[in-house]
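Structural description and commentary
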Amino acid sequence: MAERLPEAGDRIAKLLARAGVASRREIERMIADGRVAIEGKVLDTPAVKLLNLRGVTVDGKPVGRAEEARLYAFHKPSGLITAERDPAGRPTIYDALRNALPKGTPRLMPVGRLDFTTEGLLLLTNDGELKRAMELPSSGIPRTYRARAFGDITQAQLDDLSHGVEIDGMRYGSIEADLERGSGRNRWIVLTLTEGKNREVRNVLEHLGLEVSRLLRTGYGPFDLADLPRGQAVQIRHADVERFMGTLPKPKKPKPQA
């Protein structure tokens, strides 16, 4: 009879995500690809539960102990891909982060994404579980953007976005949008949303007949871009991260099998 792996503890994907290896979903794909092993035995299921990561390897390399959750704010410039590498050879956020972060910084994963031309606040963390919790629409974390848009628009039209809008079969939830003071057809609009679907701000404003010339994310949850210089990164205080993590919804436990 084959030796049974321990059932106590947390699922291995959860532990590896906490250790900053990757997000839980990415780790499950790594397990399916045969890249994760325990004491030399390659795993074929993510359902294994462990008390710790002793003896666990990824791509043949031992996994270090999980560090405390860290969160960094990065002022992403336009013209960077939010990915580790780009098949087209375009520069990525990691190219910029090599100079923006101090030596010894753990491997960081972006919380959500910003498009190639979108600027502003990009949060990064070493904790895959925190990343997942912050990205889930059910967490209801607000994201705030400033968009410079050309065209005719009224505050009344923007107020209607609070009811949500459907565009080409895609339903977008409630958006709070306000025109900044000014005149003319080239105006700044501040938008706050909680879903963060792909190209959501651009799609909604273009649906209203506006042409977006610049898009800047200024806030994600309680964290603001403030005066962080473009291309620079800063670690958010541990106490602030702990306080924020305490506000996140607790993950639902799976129902026991009958």
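In this text, all values refer to a predicted model and were calculated from it rather than measured experimentally.

1. Section: the sheet that holds strand β6 (residues 61-62)
Spatial ordering of the open sheet is given by β3-β2-β5-β6, a layout of 4 strands whose pairing is antiparallel. A strand with exactly one partner marks an edge of an open sheet, and here the two such strands are β3 (41-42) and β6. Sheet analysis places strand β5 (residues 56-58) next to β6, joined by 2 bridges and oriented antiparallel. Bridging across to β6, Thr57 finds its partner in Pro62.

2. A word on unusual backbone geometry
Despite not being glycine, Glu39 shows a phi value in the positive range, around 50°. Relative to the helices and strands, Glu39 is located in the loop between β2 (36-38) and β3.

3. Quick word on the confidence of the model for the protein
Atom-level detail of predicted coordinates should not be read off regions where pLDDT is low. For the protein, the average pLDDT comes to 89, and 93% of its residues sit at 70 or higher. Contacts from residues 1-6, a stretch scored under 50 in pLDDT, to residues over four places away or in other chains number 5 contacts.

4. Topic: the packing of aromatic side chains
Applying the stated criterion across every chain, the model contains 1 aromatic pair. Consider the rings of Phe223 and Phe244, whose centres lie 5.2 Å apart with planes at 70°: the pair is edge-to-face. Pair noted here: Phe223 is in strand β16 (residues 223-224) and Phe244 is in helix α7 (residues 238-245), with a separation of 21 residues, a long-range link. Since its relative accessible area comes to 8%, Phe223 is described here as buried.

Calculation criteria
Position numbers for residues start from 1 in each chain and track the written sequence from start to end. Thresholds applied to this predicted model are a pLDDT of at least 70 for local features of residues and 80 or more for the giving and counting of side-chain atom pairs; totals over whole chains, interfaces and linings are not thresholded and use all residues. Only hydrogens and water are set aside; all other atoms, that is, all heavy atoms of the structure, feed into the side-chain values. Following DSSP output, two strands are said to pair if at least two bridges run between them. By definition, any uninterrupted DSSP run of H or I lasting at least four residues is a helix, any uninterrupted run of E lasting at least two residues is a strand, and each is numbered from the N terminus. You can read pLDDT as the predictor saying how much it trusts each residue, on a scale of 0 to 100. When checking whether two residues touch, look at their non-hydrogen atoms; a contact exists if any pair is within 4.5 Å. The pairing test for Phe, Tyr and Trp rings, Trp by its six-membered ring, is centres within 6.5 Å, and the orientation test on the planes gives stacked under 30 degrees, edge-to-face over 60, and tilted for anything in between. Here the term buried applies to any residue with accessible area under 20% of the maximum for its type, exposed to any over 50%, and partly exposed to those in between, with areas from a 1.4 Å probe on protein chains only.

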